[in-house]
Amino acid sequence: MGGGNMNEVLGKYVKRNYEEGKADLFSVFMYLGMERLEKNGKQAQINMQSWMFLSSFEKLRHTFLTNYHLDNMLHLGPRTFDELSGEVVQNTAFVFTKDMPQEQGGTYYRLIDGKSCRAKEEIFLAGENCYTKVPQQNFNKIPGSPIGYWVSPKVQEVFTSNLALSEVCKPVNGLTTSDNARFLRHWFEVSHDRIGFGHPNAASAARSEKKWFPYNKGGSFRKWYGNQSLLINWEKEGKEIKSIKGPVLRNPNYYFKKSISWSLTSSVGCGFRFNPHAALFDVNGMSLFPENENDFFYLLGTLNTAPYKLFGYIINPTLALQCGDVGRFPTPFIKSLKLKQITECIAKTNYTLSRLDWDAHETSWDFQFNELVSFDREQYMDIMSDYAELNNLLVEVAPPHLDNLESRYELYKTKWETNFRRLHANEEELNRQFIDIYGLQDELTPDVPLNEITILQQGEVKIVDGTLQFQADVVIKQLISYAIGCWMGRYRLDKPGLYIAHPNAKEEEIVTYPYRDETLTIDDDGIIPILPYECPFEDNLQNRIAVFVRIAFGNDSLAENLNFVEQALGCTIEKYLDKEYWKDHKKMYQNRPIYWLWSSKKGAFRCISYMHRMDAYTAERVRSKYLLPYIEYLNNKIADLESRAAQLSVGESRKLDALRKAHTECVEYHERLQVIAEQAIAFDLDDGVVVNYAKFGDVLAKIK
């Protein structure tokens, strides 16, 4: 039981009687047991391992290491009990003696790699990973005195001969909203006009009269750049947040400053990222601010190396790396100015490559174009030059036929495999450099597993036997999503970035525009049906995809390009849109879809509408402009087949049955949709997708 979960009576009692153990009830019992020992008496326990490392138990460790002798330990780690799966419950078994620390030290068995209780037992009985004669005074050489029994003298020397990182940087916690559903949004949920990007300080943000501002909340394991998606309601300097009980606004003087950040919790290690945006930050998006702003990339390059991964694990090998833990890292020490400059240069390159990857996806607020569309001759030559340089080739390659989608995809693969390999080589070079600086050649290797290179993480590649296997279906699905965005007016083929991402689009914003030798007409109402190929709607989504491919890549190669799309998808475009598209869209937008699916119970009628262009009359438009005409279309098809019922083939009879079922389903859907349409439901984008989507009940497909 953590101290925060104790009731008032227990909490006060523990603080009064067991000050050093107050962080948790298990540490109280450790302390209590030690107090009750006779001189030279021994206490043995199996307990949580957190007391060995976390800063909240630092006083307890100091008391034990100063006044008692730690005889031995089985450091069990996760999966100690076969009944408990996962990484959360991590254990240690130990024996303390009520006597001063002895010169002979203690004996420690490192059993954390055992995948089961039996495996740990076998490691122990085999005498593996055994550390003997470890003086417990050594633990004090590392800031915070973690029980780092396995730490070599060389690593201890790194800590003792360098200042703590907190001497040159300020690692800090951020704020806690107490109600994330109320105060946080993904950037693509709200009107783009309401977002305040790039404000260098709170005063500038307040003057902007914007409501939403970038918010760093940590996120998944990612290095160098990324996880930039969330916004916080900081209108009028956070007036609404400050008006309620619960939120904790820590370190506000650091809000809107660029930083190095990392995620509090990760099971695969810590990834440090440069955040150049004027942002606020969360308790889970801890941030570090160097005293000298010129040190950002030097520190970023240092913290993402193997030695610092090791230091972090020594200081706190649990799932959560706190700002205090990072503050106890040894300050990077490079005597050579040239080596420092090399570190900065490599870190900047890694940051650039990672940002290119992040911004290549439409879920980035800095997304410009889908790459398969934007490739041109100049980009081709740059990509091939980079590829030749990385692979030590001297080749001249003629530009491909860029109207051919398959060639563009091959160019895409070349570009991103080159970027991936360069990032991988750079990370290993940084590792090599810092392993040499700290003399840790016997402790570490510079090797970086390919799965720890944190670009191409949206499924574009799979790593198989050390090779990158690109997934053409994922890349083409991203193209289809972009195509839909162009028809909806979210993007334009002739302009970078967002176009319409706000309500009440003006008539001049949705005019037809030229592209190459074609023209593209933005959908007039932001509603596109997803119905069978032979349906009566010219703007049916399958037709839209085919027309987009023709406009974007040319008419001459239309047939082969459409064939390549279907080959990559592994099915027809119609089947993909019918069976998979909605699931992919929800996943891409983290169950906060921007295109909403109007669907009958089994999908006989379906269409999507662009949330940012919806208004109180969208439901009525879906009903009157699409559903009713489609019901009439089904009536006519059914009547035609029924008129020659006696001559129908088996296939036609089955089709008639399917049409009747679809008609019945659509009529039933119409009854429900009409009720919603008559309510003329309006909504505020500031409320977010979850709240607004729910207002339409079951006429929309479920998000989850």
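Residues numbered from 1 in each chain as written. Predicted model: local features only at pLDDT ≥ 70, side-chain atom pairs only at ≥ 80, totals over all residues. Heavy atoms only, no water.

Right, let's get into the overall build of the protein. Regarding its fold elements, the protein presents 23 helices and 20 strands. For the protein, the C-alpha atoms occupy an extent of roughly 100 × 70 × 60 Å along the three principal directions. Classification of the 704 residues of the protein by burial places 54% in the buried group. For the protein, the proportion of contacts with a sequence separation of at least 24, taken over those separated by at least 6, is 70%. In the structure as shown, the protein presents an accessible area of about 32,000 Å², 50% of it carried by carbon and sulfur atoms. Measuring between centres, the 82 positive side-chain charges of the protein sit 5 Å from its 92 negative side-chain charges. (Helix = DSSP H or I, 4+ residues; strand = E, 2+ residues; numbered from the N terminus. Buried < 20%, exposed > 50% of the residue type's maximum accessible area, 1.4 Å probe, protein only. Contact = heavy atoms within 4.5 Å. Areas by Shrake-Rupley, 256 points an atom, 1.4 Å probe, with all protein chains shown as cover. Lys, Arg positive; Asp, Glu negative; His and termini not counted. Charge placed at Lys NZ, Arg CZ, Asp CG, Glu CD.)

A separate point is helix α9 (residues 296–303). Here α9 lies mainly inside the structure; eight of its eight residues are buried. Along α9, the positions that sit buried rather than exposed are Phe296, Phe297, Tyr298, Leu299, Leu300, Gly301, Thr302 and Leu303.

This next bit is on the environment of Phe64. Mapped onto the elements, Phe64 comes out in helix α3 (residues 58–67). Considered as a pair, Phe64 and Leu32 are 32 residues apart in the sequence and their alpha carbons are 12 Å apart.

Turning our attention to the sheet that holds strand β4 (residues 106–110). Strands sit in the order β1-β3-β2-β4-β5 across an open sheet of five strands; the sheet is mixed. At either end of the open sheet lies a strand with only one pairing partner, and these are β1 (42–48) and β5 (130–134). Strand-to-strand, the axes of this sheet are offset by a mean angle of 10°, without reference to chain direction. Both strand β2 (residues 69–78) and strand β3 (residues 90–97) contribute to a ladder of eight bridges, which runs antiparallel. Bridge pairing in β3 links Pro78 to Gln90. The strands touched by helix α2 (residues 25–35) within the sheet are β1 and β3, with β1 carrying the most contacts at an inclination of about 175°. (Pairing = 2+ DSSP bridges. Axes fitted to C-alpha atoms, helices over the stretch in contact; angles between N-to-C directions.)

Another point: the packing of helix α12 (residues 337–359) against helix α15 (residues 405–438). Contact pair α12 / α15: the axes reach a minimum separation of 10 Å and the direction vectors enclose 150°. What the angle tells us is that α12 and α15 run roughly antiparallel. Pair α12 / α15 crosses with left-handed handedness. Along the contact surface, α12 presents Leu339, Ile342, Thr343, Ile346, Thr349, Asn350, Leu353, Ser354, Leu356 and Asp357, while α15 presents Trp416, Asn419, Arg422, Leu423, Asn426, Glu427, Glu429, Leu430, Gln433 and Phe434. Here the contact of α12 with α15 is composed, by residue class, of nine nonpolar, seven polar and four charged. (Parallel < 35°, antiparallel > 145°, perpendicular 65-115°, else oblique. Left-handed = near helix turned anticlockwise from the far one by under 90°. Nonpolar A, V, L, I, M, F, W, Y, C, P; charged D, E, K, R; others polar.)

The subject of this paragraph is unusual backbone geometry. For Lys133, which is not glycine, the phi torsion reads 55° and is therefore positive. When you line up the elements, Lys133 lands in strand β5. The backbone phi angle of Arg516 is positive, close to 55°, even though this residue is not glycine. Among the structural elements, Arg516 can be located in the loop between β16 (513–515) and β17 (518–520).

Going residue by residue along strand β15 (residues 467–470), you find Leu468 and Phe470 tucked away on one face and Thr467 and Gln469 left uncovered on the opposite face. Examined bridge by bridge, strand β14 (residues 461–464) and β15 share four bridges and lie antiparallel to one another. Its bridge partner being in β15, Val461 is matched across the sheet by Phe470. Linking two consecutive strands that pair antiparallel, namely β14 and β15, is a turn of two residues; a positive phi of about 50° is found at Asp465 within it.

As enumerated under the stated definition, the model contains 42 salt bridges in all. A salt bridge links Arg355 to Asp359, with the shortest nitrogen-to-oxygen separation between them at 3.3 Å. Of this pair, Arg355 and Asp359 both sit in helix α12, separated by four residues, roughly a single helical turn. By relative accessible area, which is 21% here, Arg355 ends up partly exposed. Residue Asp359 is classed as buried on the basis of its relative accessible area, which comes to 14%. For Arg492, the salt bridge goes to Asp494, with nearest N and O atoms at 2.8 Å. For Arg492, a relative accessible area of 7% corresponds to the buried category. (Salt bridge = Lys/Arg side-chain N within 4 Å of Asp/Glu carboxyl O.)

Now for the packing of helix α16 (residues 472–488) against helix α18 (residues 558–569). α18 packs onto α16 with a crossing angle of 125° between their chain directions and a minimal axis gap of 8 Å. The orientation of α16 relative to α18 falls into the category oblique. Crossing of α16 over α18 shows left-handed handedness. For the pair formed by α16 and α18, the contact residues are Ala472, Asp473, Ile476, Lys477 and Ile480 on the first element and Phe564, Val565, Ala568 and Leu569 on the second.

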